[in-house]
Every structure is written in structure tokens, then in C-alpha cells.
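# Structural characterization, general
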Amino acid sequence: MPELREIKDVLKSHEFEAVLMSGSGTSIFAIGEPEAEGAFLQSMERLKSEWGVQVFKAQFLNRGEGMDDWYEPMGFEQS
């Protein structure tokens, strides 16, 4: 789909570290911070109005030093 290429190209133009598409092509995501956040938000508003693009800001979660688990066990007893 040409629209997917344009969306990916718009993200690349904002100087993210990486712009990738999911295997099935239903999601395009960027890693890093845009060079100019205001210009990036304007671009996303344009894509949203043209194709209904949704934008979600996320961040990586890291384990603390010395932590072996990503979560705290619920405390259920095993039999």
C-alpha cells in the first residue's frame, strides 16, 4: 500500500533512530525521539486526518540492577 510507504517515510523524515513495520504491516513504529517534536506532531495530525493514523508514545521498561524478574510474584501457593 502506498499509504504505508508514505507514513514510514514521514516518520523517517523526523530523524528517529529506527522506523520499522510489524511483520503483518498493521503497525509502523519508530524508536527514539523526533528531531523537532512540534513538526512531528503536525505531521501526525495530517496523517490522522487523511488516514486515521493513531499515535501512541511509549517508553522502554528496564529491570533495576540486580533484579532477576520483570514482575513481582503474586504469592500463590503451588501444590
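Residues numbered from 1 in each chain as written. Predicted model: local features only at pLDDT ≥ 70, side-chain atom pairs only at ≥ 80, totals over all residues. Heavy atoms only, no water.

A separate point is unusual backbone geometry. Even without being a glycine, E15 presents a positive backbone phi close to 65°. Tracing the chain through its elements places E15 in the loop between helix 1 (2-13) and strand 1 (18-21). (Helix = DSSP H or I, 4+ residues; strand = E, 2+ residues; numbered from the N terminus.)

Our focus in this paragraph is the layout of surface pockets. The volume enclosed by the largest pocket comes to roughly 1000 Å³. Lining the largest pocket we find 30 residues, and of these I28, F29, A30, V55 and F56 sit closest to its centre. Listing elements by their share of the lining of the largest pocket, those giving two or more residues are helix 1, strand 2 (28-31) and helix 2 (37-51). Counting residues per element, the lining of the largest pocket draws most heavily on helix 2, which supplies five residues. Grouping the amino acids of the lining of the largest pocket by side-chain chemistry returns 19 nonpolar, seven polar and four charged. (1 Å grid on protein atoms, 1.4 Å probe; cavity = no way out; pocket = protein on both sides within 12 Å on 5 of 7 lines; lining within 4 Å. Points joined across faces, edges and corners; volume = space filled by probe spheres on them. Nonpolar A, V, L, I, M, F, W, Y, C, P; charged D, E, K, R; others polar.)

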